[in-house]
Each structure stands twice: as C-alpha cells, then as structure tokens.
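Structural overview
The lines below spell out each chain.
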Amino acid sequence: MERWISARLAHELQFEQPEDAAQLARHAASLSEAEREEYLRELLPAAGGDLAAAIQQKFFTAKDRILMLGVGSSTCTPSLSCLSWDRTKECKVCFDAVQNPESRNRRNNVSMLITFTDHLQNEKHILIDCGKTFRLAVERFFPKFHIDGLDALVLTHEHADAFLGIDDLRDVQRCGIVMQDGIEQKQPLNPLPIFCSQYVLQQAEKTFPYLMPRKPQSEEEARANPKRYVALLEWNAIAESKGSESVVPDTASIAQCRTPFNVQGLLFHPLPVYHGGEYVSLGFAFKLQDDAGFFVYLSDMSAFLPETEARLKAMKIHTLILDCLFIERAHNTHINLPQAKDIVRMLKPRHTYFVGMTHEFDYYEENPKIVNEMAKEGLHVELAYDGLCLEHSFRFELEPLEI
C-alpha cells in the first residue's frame, strides 16, 4: 500500500529522493480517513484532488474483502513432528516454513475474516473460527490489513483448531476507556456476538465456563470466583429446523441447522456437512450483489449430507473455499485432493481455493500443477495461503438488522 502511494507521490511531486515520498506515504497511512483525505488534497493541489480521491478510494476506503487468516490442517505447518524428529529426515515444506516466515507453506489453522461496509457505512469484521493459532494470525495480519477489532464470531464446529482461541477475543473486542479507581481502563463497548450450533454452545459451556454470562448465586460464590478481565461475549445458538429441536443437543442435531441468520447485516446460510462418520460440522454461504451468485465456505468435511449437496448444486457459486487435506491419501474426517477436484467439477464455481492442507503440499510445486490441470477443464482452482486477500471482485448482499 505505502509503496504504491510512495510511487504516485514521487511521480506527481517529482521527488529526487524516493525516501521523501516513502516518508510522506507512511505519514498518510497513519492518519484517520478524514485527516488523510485533507492531507493528500493539500499535498496534491495540482491534481485537483483527483489523485487524492483515487488514493483514498483504492487503499483506504472500506471494501468487501475476504482475508484467509489460516489455511492449514489442525497440526498446522510447520508440523511439530517435523521439528522434533531426526533432522536427517528433514521435511522440505516444514523447513521452508521455519526458515521463511512469509512462505506460503507456513499455515495456521483454517480461519477466515470477512470485511464489509454496512448500511450505515461502518466497516465490519466477522471472523469464522478461532482456533489454536488465532493469536499468531492477529499478530501477523491485523496490523498489515488495518483490522481494528472484531464485530462477531461464527463457529463451524468445536474442535481445537476451530475454537480454542476464544480466550484471546478479549483483546480484539471493540473497547472504550473508562475511569476505574482513578485509573484509565479498557472496557468492551458491547458483548461480542458468537454464533454456533446448540451442540457447540453446549461444548463451549464445558470448555469456557468463565466466558458464559452467569451471575453468582451467593456472596460465597462471588468471593470464590472474583471478577476477572475476560472477553465479554453474547452466545447465540443457530436455529434448527422447526420440529427437529433436540432435547439433548448432539452432532446429529447440527444437520438441522439450515435456517439463515443475520450477522451484522450479512445473512449466513448454514450448510451442514459430515466431518467424519456421523459427526456434522457447518459450512456457510453468503449471497453476493448484482446476481454474482454465492460465496461458499466448506472448511471441514468428509462428505456431503444429501440435502446440502442438492442445495449447492442448485446454487450459482462465485467463490468456493474447500477442504483438501492430503494429495492422495484418503482420510476419515477430511476430503483429499482428488475428492476436492471432483466436487469442483460437480459444482463448477467461478473461483475455488483449497484450504486445510497438511505439509504434504508444497505450495510452490503443487499449486502450479493444480492451476494448470483444472484450467484445462475451464475451472479456476488454486491453493489458498495464509494472508490471501480476495477483494474488488464482489460485494456482499446485506440484509437490514432487526432492532
């Protein structure tokens, strides 16, 4: 971003020293939107404000965007096993991931951040899954993409790679400053909404009891459990189909989660899929504007439920994010590369990105093979990578929020 602005400033203002333009670009990036626009207009009067507006629109105006915070398997890449075994059996992919922090072979747990501008022109950030590597993803990508906080979390399932990072949400909630005992303290402005199946909510109550809204029943209990600085969360169970609500939620009940739900104005369409045996995880679809079709997210699956497969076949799919664990080996809880390719051939999305890869996949060797093979069939398919940013090509269709 700064390099592009720097180059434009150097050209327009005819800087002899590129460092001067770079310094101005860094300053522009540090300002608020209103301050930046005024600064650029003053800096570029000869352009009549057009260049300033172009810079503002291209790089600083909120857009609909998908950012992949992680695209790896539950064990991530580099795999700990490759770091602890005999180094004579060195794994080329894991070695590259260790040596080069920016390598596309370095993979966090699968997680996706959705950014869009709502009806009130507020930028919203919705996270899908919050696994073991959430903190690492925040460190690496939030500053780079100017992510200033989260507005909601949606969970696909309750495995460690999908929700064990929830404790760290306290530091990415939108907060204000309040005075407490004469000291300025950060305090969440509102509870962060979390959306998940009734079964996942039940499991979260066991794993994170201290993150569940509950008032002490007695003074004794209050003394035994003093107030602590933890995330302020609002848990929401995704509705199950009418007449199918479970008295005791189990993974089978997740298959009944088919009712769309509104998250900050973005309508999520649940897509239950098998994730090993009868265990059910959730995928999601979001509608795009201008009849562009749907954005579909299927991060953890071993097979389709018949109804979900029928729904997807009937959809016009713009972009598909799809599970892909191994290059050839079959697995009982995930699909492999041949299976993923067959799904792409069946659904024929405009764009497809594979996620959930193990260290079997060397991005720099396997991605060109996949791209070229599928291109011969008229299909655009790539391996995703941590930090993959998809924007400019779509706009989400938003729904009004209930008040």
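Heads up: these notes are all about the structure in this document.

Rules behind the numbers
Residues numbered from 1 in each chain as written. Predicted model: local features only at pLDDT ≥ 70, side-chain atom pairs only at ≥ 80, totals over all residues. Heavy atoms only, no water. Pairing = 2+ DSSP bridges. Helix = DSSP H or I, 4+ residues; strand = E, 2+ residues; numbered from the N terminus. Axes fitted to C-alpha atoms, helices over the stretch in contact; angles between N-to-C directions. Contact = heavy atoms within 4.5 Å. Buried < 20%, exposed > 50% of the residue type's maximum accessible area, 1.4 Å probe, protein only. Arc of directions from axis to C-beta. Polar contact = N/O pair within 3.5 Å; in protein donor to acceptor, adjacent residues only side chain to side chain.

**Overview of the sheet that holds strand 17 (residues 389–391)**
Spatially, 7 strands are ordered 8-7-4-3-2-1-17 in an open sheet, and the strand pairing comes out mixed. Each of the sheet's edge strands pairs with one partner strand only, and the pair in question is strand 8 (233–237) and strand 17. The sheet shows a mean angle of 20° between the axes of neighbouring strands, direction not considered. Each of strand 7 (192–196) and strand 8 is contacted by helix 9 (residues 198–207), which is oriented at about 140° to strand 8, the strand it contacts most.

**Comments concerning helix 6 (residues 92–99)**
Looking only at helix 6, the buried set comprises V93, C94 and A97. Buried residues of helix 6 fall within an arc of 95° about the axis and therefore sit on the same side. Residues of helix 6 that are exposed and point over 90 degrees away from its buried face: K92 and Q99. The inward-facing, buried residues of helix 6 contact helix 5 (80–84).

**Some points on the side chain of N336**
Take N336: it is sitting in the loop between strand 14 (317–323) and helix 13 (337–347). Here the side chain of N336 touches E328 through a polar contact of 3.0 Å, landing on its backbone oxygen. Only 3.2 Å separates the side chain of N336 from the backbone oxygen of R329, close enough to count as a polar contact. With residues near it in sequence (within four places) discarded, N336 still touches C324, L325, F326, E328, R329 and A330.

**Thoughts on the side chain of K341**
The topology assignment puts K341 in helix 13. Discounting chain neighbours no more than four positions away, the residues touching K341 are F354, E373 and M374.

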